[in-house]
Amino acid sequence: MTQVKAIVADDEQILIEHIESLLSEVWLDLLICGRAKNGPQALELIEKHKPHLTFLDIRMPGMCGMQVARRIAGSCWVVFVTAYEHYAVNAFESGAIDYLVKPVNRERLEKAVQRAKKQLAFSLNPPWYFPQLVEQLIDRIPPKKQEFLQWIRVQHGGMVKLIAVDEICYFQAGDKYT
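Presented here is a report on the structure given in the accompanying data block.

Calculation criteria
Note that residues are indexed from 1 along each chain, following the sequence as it is written. pLDDT decides what is reported in this predicted model: residues at 70 or higher carry local features, side-chain atom pairs at 80 or more are listed and counted, and totals for whole chains, interfaces and linings draw on all residues regardless. As a rule here, side-chain values cover all heavy atoms of the structure and leave hydrogens and water aside. Under the scheme used here, helices are H or I runs from DSSP no shorter than 4 residues and strands are E runs no shorter than 2 residues, and both carry numbers assigned from the N terminus. The globule rule used for comparison is 2.2 Å times the number of residues to the exponent 0.38, while the radius of gyration itself is calculated over C-alpha atoms. It only takes one pair of heavy atoms within 4.5 Å for two residues to be counted as in contact. Residue burial considers only the protein chains on display, and all accessible areas are found by Shrake-Rupley using a 1.4 Å probe. Only four residue types enter the tally: Lys and Arg on the positive side, Asp and Glu on the negative side; His and the chain ends are excluded. Charged side chains are reduced to one point each, which is NZ for Lys, CZ for Arg, CG for Asp and CD for Glu. The disulfide definition used here is simple: a pair of cysteine sulfur atoms within 2.5 Å. For two strands to pair, DSSP has to find at least two bridges joining them. Inter-axis angles, ranging from 0 to 180 degrees, are taken between N-to-C directions of lines fitted to C-alpha atoms, where helices are fitted over the stretch in contact. Just to be clear on terms, a salt bridge is a Lys or Arg side-chain nitrogen sitting within 4 Å of an Asp or Glu carboxyl oxygen. Using a 1.4 Å probe on the protein chains alone, a residue whose accessible area is under 20% of its type maximum counts as buried, one over 50% counts as exposed, and one in between counts as partly exposed. Throughout this description, any angle smaller than 35 degrees is read as roughly parallel, any larger than 145 degrees as roughly antiparallel, any in the 65 to 115 degree range as roughly perpendicular, and the remainder as oblique. Crossing chirality is assigned from the near helix's rotation relative to the far helix, an anticlockwise turn below a right angle marking it left-handed and a clockwise turn marking it right-handed. Following the grouping adopted for this structure description, the nonpolar residues are Ala, Val, Leu, Ile, Met, Phe, Trp, Tyr, Cys and Pro, the charged ones are Asp, Glu, Lys and Arg, and the polar ones are all others, Gly among them. We place a 1 Å grid over just the protein atoms. Points where a 1.4 Å probe fits but has no way out form a cavity, open points with protein on both sides within 12 Å along at least 5 of 7 lines form a pocket, and any residue with an atom within 4 Å of a point lines it. Grid points are joined across faces, edges and corners, and a volume is the space filled by probe spheres set on the points.

### Side note on the overall build of the protein
Stage number 1. Summing up its helical and strand segments, the protein has six helices and seven strands in all.
Stage number 2. Taken over C-alpha atoms, the radius of gyration comes to 26 Å for the protein, far larger than the 16 Å a tight globule of 178 residues would show.
Stage number 3. Taking the principal axes of its C-alpha atoms as reference, the protein extends roughly 80 × 45 × 30 Å.
Stage number 4. Residue pairs in contact within the protein that sit at least 24 positions apart in sequence constitute 52% of those at least 6 positions apart.
Stage number 5. Of the roughly 12,400 Å² of accessible surface on the protein, 54% is carried by carbon and sulfur atoms.
Stage number 6. Between the averaged position of the 21 positive side-chain charges in the protein and that of its 21 negative side-chain charges there is a distance of 3 Å.

### What about the state of the cysteines?
Stage number 1. Taken as a whole, this structure holds zero disulfides when the rule is applied.
Stage number 2. You can see Cys76 has no disulfide; the closest cysteine sulfur is in Cys33, sitting 9.3 Å from it.

### Section: the sheet that holds strand S4 (residues 77-82)
The pairing of strands in a sheet happens through backbone hydrogen bonds and is either parallel or antiparallel.
Stage number 1. With respect to topology, five strands assemble into an open sheet ordered S2-S1-S3-S4-S5, the strand pairing being parallel. Sheet topology places strand S2 (31-36) and strand S5 (98-101) at the edges, where each strand pairs with a single neighbour. The sheet shows a mean angle of 20 degrees between the axes of neighbouring strands, taken without regard to direction.
Stage number 2. Note that strand S1 (residues 5-9) and strand S3 (residues 53-56) share four bridges and pair parallel. Residue Ala6 lies in a different strand from S3, and its bridge partner there is Leu53.
Stage number 3. Packed onto the sheet, helix H2 (residues 39-49) meets S1, S2 and S3 and runs at close to 150 degrees relative to S2.
Stage number 4. Taken strand by strand, helix H3 (residues 65-72) contacts S3 and S4, and its axis lies near 180 degrees from that of S4.

### Describing the pattern of salt bridges
Any two side chains of opposite charge can pair if their charged atoms end up close together.
Stage number 1. By the definition in use, this model includes eight salt bridges.
Stage number 2. For the salt bridge of Asp57 with Lys102, the shortest nitrogen-to-oxygen distance reads 3.4 Å. Pair noted here: Asp57 is in the loop between S3 and H3 and Lys102 is in the loop between S5 and helix H5 (106-124), with a separation of 45 residues, a long-range link.
Stage number 3. Relative accessible area serves as the criterion here: at 19%, Lys102 is assigned to the buried category.
Stage number 4. Across the pair Asp98 and Arg108 runs a salt bridge whose closest N-O atoms are separated by 2.5 Å. Within this pair, whereas Asp98 is found in strand S5, its partner Arg108 is found in helix H5, the two being separated by ten residues in sequence.
Stage number 5. One network of salt bridges, with partners in common, ties together Asp10, Asp57 and Lys102.

### With respect to the packing of H2 against H3
Stage number 1. The N-to-C vectors of H2 and H3 enclose an angle of 25 degrees; their axes lie 9 Å apart at closest approach. Here H2 lies roughly parallel to H3, going by the angle between them. Here H2 and H3 pass one another in a crossing that is right-handed. For the pair H2 and H3, contact is made by Gly39, Ala42, Leu43 and Ile46 and by Val68, Arg71 and Ile72, respectively.
Stage number 2. Taken together, the residues of the contact of H2 with H3 break down into five nonpolar, one polar and one charged.

### Points about empty space enclosed by the protein
Stage number 1. Applying the stated criterion across every chain yields a total of one cavity of 30 Å³ or more.
Stage number 2. Approximately 40 Å³ is the volume found for the largest cavity.
Stage number 3. Lining the largest cavity are Val8, Ala9, Asp10, Leu15, Ile16, Ile19, Phe55, Leu56, Asp57 and Val81.
Stage number 4. Within the residue set of the lining of the largest cavity, elements represented by two or more residues are S1, helix H1 (13-26) and S3.

What follows is the structure, encoded as structure tokens:
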């Protein structure tokens, strides 16, 4: 498996150092390739280093962690690290792997790391049969036939008539009616 790269983003330097210290204990071969103090800086580092994983605070200057997560969706995985419990549902809707509430302890971070490793193991090294499976599924999707309007419903007096589109030569507008 390739070495996993990560970014840590938090507006407080001491919290970045705390997360990095714990990560160095629980994930020995993780490479921290960048540290950001705000949302725009996090986006810049993600674009530059193309990490597999990002540890994001929710409330940061310039752009919140949720906005960053939405912008990077599909390009790397996110673990939120925040002091606010009430953003958890939004975090998981944004595709987060995990949601850690500060102060983060070693045991809880270990669980998040295990989840991240499982997710990364599959996304970086899909099973040998995965390409064939995708090909088979694509072959089973019936081609979408184009559906065109076949009938027009017309109200004339107190009656409603159905007119086949093939029989219509043109439409004419008069006042507020066509």
